[in-house]
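The primary structure of each chain is shown beneath.
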Amino acid sequence: SRFAGDPRMRHLHVEPDEAERVADRWRAELGWTVCLLTRDEAIDGGLFGPVVRPEVRGRIGDLLVLAVGPVAFFDSRVAPGEIALTGHHGSLTGAELFVPALEFVR
């Protein structure tokens, strides 16, 4: 398997016959700190908007791991500097959904 996305919302791409086993393992290990959804659950729940075009569907992970607790997921082999970033976001917690925009006046 491999993953993509942001540290607080990872897309897991797994072999078709492995999705249930991988989901069970993540749930068992991380419990309440994550919300784990299948691609269909995420799309049906509107996480990617009202319409997901067929050519985009395959880019969405087979499983999505959304952090709801104080966790983030890193792979130093792929992005070694990612863990050093000041802030991580991308999940559905209130703080991550409400990111204020600053307006600069000249």
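Everything numeric in this text was worked out from a predicted model, so none of it was measured.

Novice: Explain the nonpolar core to me, using residue names and the numbers behind them.
Specialist: Of all hydrophobic cores here, the largest spans nine residues; its members are Leu12, Val14, Val22, Ala23, Val34, Leu36, Leu63, Val65 and Phe73. Where this core is concerned, the elements lending two or more residues are helix H1 (19-30), strand E3 (34-38) and strand E4 (63-67). When sequence neighbours within four positions are dropped, the list of residues in contact with Leu36 reads Ala23, Trp26, Arg27, Glu41, Leu63, Leu64 and Val65. Counting residues in hydrophobic clusters, the runner-up holds seven residues, among them Met9, Leu37, Ile43 and Leu64.

Novice: Explain the sheet that holds strand E1 (residues 2-6) to me, using residue names and the numbers behind them.
Specialist: Strand order in this open sheet of four strands is E1-E2-E4-E3, and the pairing throughout is antiparallel. Only two strands of the sheet have a single neighbouring strand rather than two, namely E1 and E3. When the angles between neighbouring strand axes are averaged without regard to direction, this sheet yields 20°.

Thresholds applied
- Residues numbered from 1 in each chain as written.
- Predicted model: local features only at pLDDT ≥ 70, side-chain atom pairs only at ≥ 80, totals over all residues.
- Heavy atoms only, no water.
- Core = buried A, V, L, I, M, F, W, Y, C linked by side-chain atoms within 4.5 Å.
- Buried < 20%, exposed > 50% of the residue type's maximum accessible area, 1.4 Å probe, protein only.
- Helix = DSSP H or I, 4+ residues; strand = E, 2+ residues; numbered from the N terminus.
- Contact = heavy atoms within 4.5 Å.
- Pairing = 2+ DSSP bridges.
- Axes fitted to C-alpha atoms, helices over the stretch in contact; angles between N-to-C directions.

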